[in-house]
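# What the coordinates show
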Amino acid sequence: MTAMVHGSAVSIHGNGVLLLGPSGSGKSDLALRLIDRGAKLICDDVVHIENNNSLPQLACAPNIAGKIEVRGIGICPIDFVDSAPLCLVVQLAQDVDRMPPEHQRITLAGYSVPMFRLPPFQPSSAIKVEWALRSVIDAGLLPLSNAEAAFNESVTM
């Protein structure tokens, strides 16, 4: 099963990060800054979320693989990786909570995935994405299938 979302995806040390937001919200710009810090592009614009019976995988359509839109420059070729396991969703937003609730999640492609809301254009935004990913990994938070998420909620109530 494959789902498609409008976003950008990068791999940071083999961990997939999906950047979501409306058109023009800064997804490609933030991806470019993450790439400058060592991340690898997975896909820019249309991201596939593939279910392989374990962690969901972020992947790219072959016709846009290895390309990123650089606003003001155009579509540019770039090194990329074919896929990475989805570990974190970053929802781009202008207004974010100073102290967000712990362990926020978003449901995508049948999975409940750890999520942070971040402003895309702050100078520290790329570092914040890296810190958010580290916090998810350190806490052992993985995407859960909807069935697992529902079971965990019923057990903790």
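Presented here is an overview of the structure given in this document. Please read all numbers here as calculations on a predicted model, not as lab measurements.

## Some details on the overall build of the protein chain
Counting its secondary structure elements, the protein chain contains three helices and ten strands. Along the chain direction, N to C, the helices and strands of the protein chain fall in the order β-β-α-β-β-β-β-β-β-β-α-β-α. Taking 157 residues into account, the globule formula puts the C-alpha radius of gyration at 15 Å, and the protein chain, at 15 Å, falls close to it. Here the protein chain, with 157 residues, has 43% of them falling under the buried criterion. The contacts of the protein chain with a sequence gap of at least 6 include a subset with a gap of at least 24, amounting to 69%. For the protein chain, the exposed surface amounts to about 8,600 Å²; the carbon and sulfur share of it is 56%.

## Some points on the nonpolar core
In terms of nonpolar packing, the biggest core is built from 23 residues, with Val-10, Ile-12, Val-17, Leu-34, Val-90 and Val-129 touching the most fellow members. For this core, the secondary structure elements donating two or more residues are strand S1 (2–12), strand S2 (15–20), helix H1 (27–36), strand S5 (67–70), strand S7 (83–92) and helix H2 (125–138). Considering each element in turn, this core owes the most residues, five residues, to H2. Beyond its immediate sequence surroundings of up to four residues, Ile-12 is in contact with Val-17, Leu-34, Ala-39, Val-129, Glu-130 and Leu-133. Listed in part, the 17 residues of the second largest apolar core include Cys-43, Val-47, Cys-60 and Leu-108.

## Description of the state of the cysteines
Applying the stated criterion across every chain yields a total of one disulfide. A disulfide bridge connects Cys-43 with Cys-60, and the sulfur atoms are separated by 2.4 Å. Handedness here is read from the sign of the S-S torsion; for Cys-43 and Cys-60, about 45 degrees, the answer is right-handed. Of this pair, Cys-43 sits in strand S3 (residues 40–50) while Cys-60 sits in strand S4 (residues 57–60), and the two are 17 residues apart along the sequence. Of all cysteine sulfurs, the one in Cys-43 lies closest to Cys-76, which takes part in no disulfide; the gap is 15 Å. Lacking any disulfide linkage, Cys-87 is separated from the closest cysteine sulfur, that of Cys-43, by 17 Å.

## Considerations on the environment of Gly-72
Tracing the sequence through the fold places Gly-72 in the loop between S5 and strand S6 (74–77). A C-alpha to C-alpha distance of 16 Å links Gly-72 and Asp-45, two positions 27 residues apart in sequence.

## Thoughts on the environment of Glu-69
By the secondary structure assignment, Glu-69 is in strand S5. On a C-alpha basis, the gap between Glu-69 and Ile-137 in space is 29 Å, while along the polypeptide they are 68 residues apart. In this view, Glu-69 contacts Ser-28, Asp-44, Gly-74 and Ile-75; residues no more than four positions away in its chain are not counted.

## What to know about the side chain of Lys-27
Here Lys-27 lies in helix H1. Asp-45 provides the closest opposite charge to the buried, salt-bridge-free Lys-27, at an N-O distance of 6.6 Å. Beyond its immediate sequence surroundings of up to four residues, Lys-27 is in contact with His-6, Gly-7, Ser-8, Leu-19, Leu-20, Gly-21, Pro-22 and Leu-92.

About the criteria used
- Residues numbered from 1 in each chain as written.
- Predicted model: local features only at pLDDT ≥ 70, side-chain atom pairs only at ≥ 80, totals over all residues.
- Heavy atoms only, no water.
- Helix = DSSP H or I, 4+ residues; strand = E, 2+ residues; numbered from the N terminus.
- Rg over C-alpha atoms; globule rule 2.2 N^0.38 Å.
- Buried < 20%, exposed > 50% of the residue type's maximum accessible area, 1.4 Å probe, protein only.
- Contact = heavy atoms within 4.5 Å.
- Areas by Shrake-Rupley, 256 points an atom, 1.4 Å probe, with all protein chains shown as cover.
- Core = buried A, V, L, I, M, F, W, Y, C linked by side-chain atoms within 4.5 Å.
- Disulfide = S-S within 2.5 Å.
- Lys, Arg positive; Asp, Glu negative; His and termini not counted.
- Salt bridge = Lys/Arg side-chain N within 4 Å of Asp/Glu carboxyl O.

Everything listed is a geometric property; what it means functionally is a separate question.
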